[in-house]
Amino acid sequence: MIVPSLVAFSIACLAVHLSINTSEEIVKIAARGTALFCLFLSLVYAPWSVLLILIVPVLSYRLA
């Protein structure tokens, strides 16, 4: 499961870099959409321990 996660992460990094460094609006929108999609894929491929590490601080902040 690490390989699909790394592929999604590298595509997301490239999309963010492209979104920051381009001046075309259409390219920025497409790159941001691609980055969000890859973020979702990375969360799907992440093991439960990583998801718990990400979710526990958010839940504790909301409950406090």
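The structure under discussion appears in the preceding block.
Presented here is an overview of the structure given in this document.

What counts and how
- Residues numbered from 1 in each chain as written.
- Predicted model: local features only at pLDDT ≥ 70, side-chain atom pairs only at ≥ 80, totals over all residues.
- Heavy atoms only, no water.
- Axes fitted to C-alpha atoms, helices over the stretch in contact; angles between N-to-C directions.
- Helix = DSSP H or I, 4+ residues; strand = E, 2+ residues; numbered from the N terminus.
- Parallel < 35°, antiparallel > 145°, perpendicular 65-115°, else oblique.
- Left-handed = near helix turned anticlockwise from the far one by under 90°.
- Contact = heavy atoms within 4.5 Å.
- Patch = residues over 30% accessible without salt bridge, like charges linked within 9 Å, V, L, I, M, F, W, Y side chains within 5 Å.
- Areas by Shrake-Rupley, 256 points an atom, 1.4 Å probe, with all protein chains shown as cover.
- Salt bridge = Lys/Arg side-chain N within 4 Å of Asp/Glu carboxyl O.
- Expected span 1.5 Å × (residues − 1).
- Bend = angle between axes of the 7 residues up to and from the residue.
- Disulfide = S-S within 2.5 Å.
- Buried < 20%, exposed > 50% of the residue type's maximum accessible area, 1.4 Å probe, protein only.

1. Considering the packing of helix α1 (residues 2-21) against helix α2 (residues 25-45)
Where α1 meets α2, the closest approach of the two axes is 8 Å, and the angle between their N-to-C directions is 160°. Taken together, the axes of α1 and α2 lie roughly antiparallel to each other. Judged by the sense of rotation from one axis to the other, the crossing of α1 with α2 is left-handed. On the side of α1, the interface is formed by Pro 4, Ser 5, Ala 8, Phe 9, Ile 11, Ala 12, Ala 15, Val 16, Leu 18 and Ser 19, while α2 contributes Val 27, Lys 28, Ala 31, Arg 32, Thr 34, Ala 35, Cys 38, Leu 41, Ser 42 and Tyr 45.

2. Quick word on a nonpolar patch on the surface
Together, Leu 36, Leu 39, Leu 43, Val 50, Leu 54, Ile 55 and Leu 59 make up an exposed nonpolar region whose accessible area comes to about 620 Å². Those elements giving two or more residues to the nonpolar patch turn out to be α2 and α3 (48-63). Sorting elements by how many residues they give to the nonpolar patch places α3 first, with 4 residues.

3. Topic: α3
Taking 1.5 Å of rise per residue, 16 residues should cover 22 Å, and α3 covers 21 Å from first to last C-alpha, within 8% of that figure. In α3, a bend of some 25° at Ile 55 exceeds every other bend along the element, and Pro 57, a proline, comes one to four places later.

4. Things to note about the state of the cysteines
Two cysteines whose sulfur atoms are joined by a covalent bond form what is called a disulfide. Tallied over the full model, the rule gives 0 disulfides. No disulfide involves Cys 13; its sulfur sits 9.5 Å from that of Cys 38, the nearest cysteine. Its relative accessible area of 39% is what places Cys 13 among the partly exposed residues. You can call Cys 38 buried: its relative accessible area is 5%.

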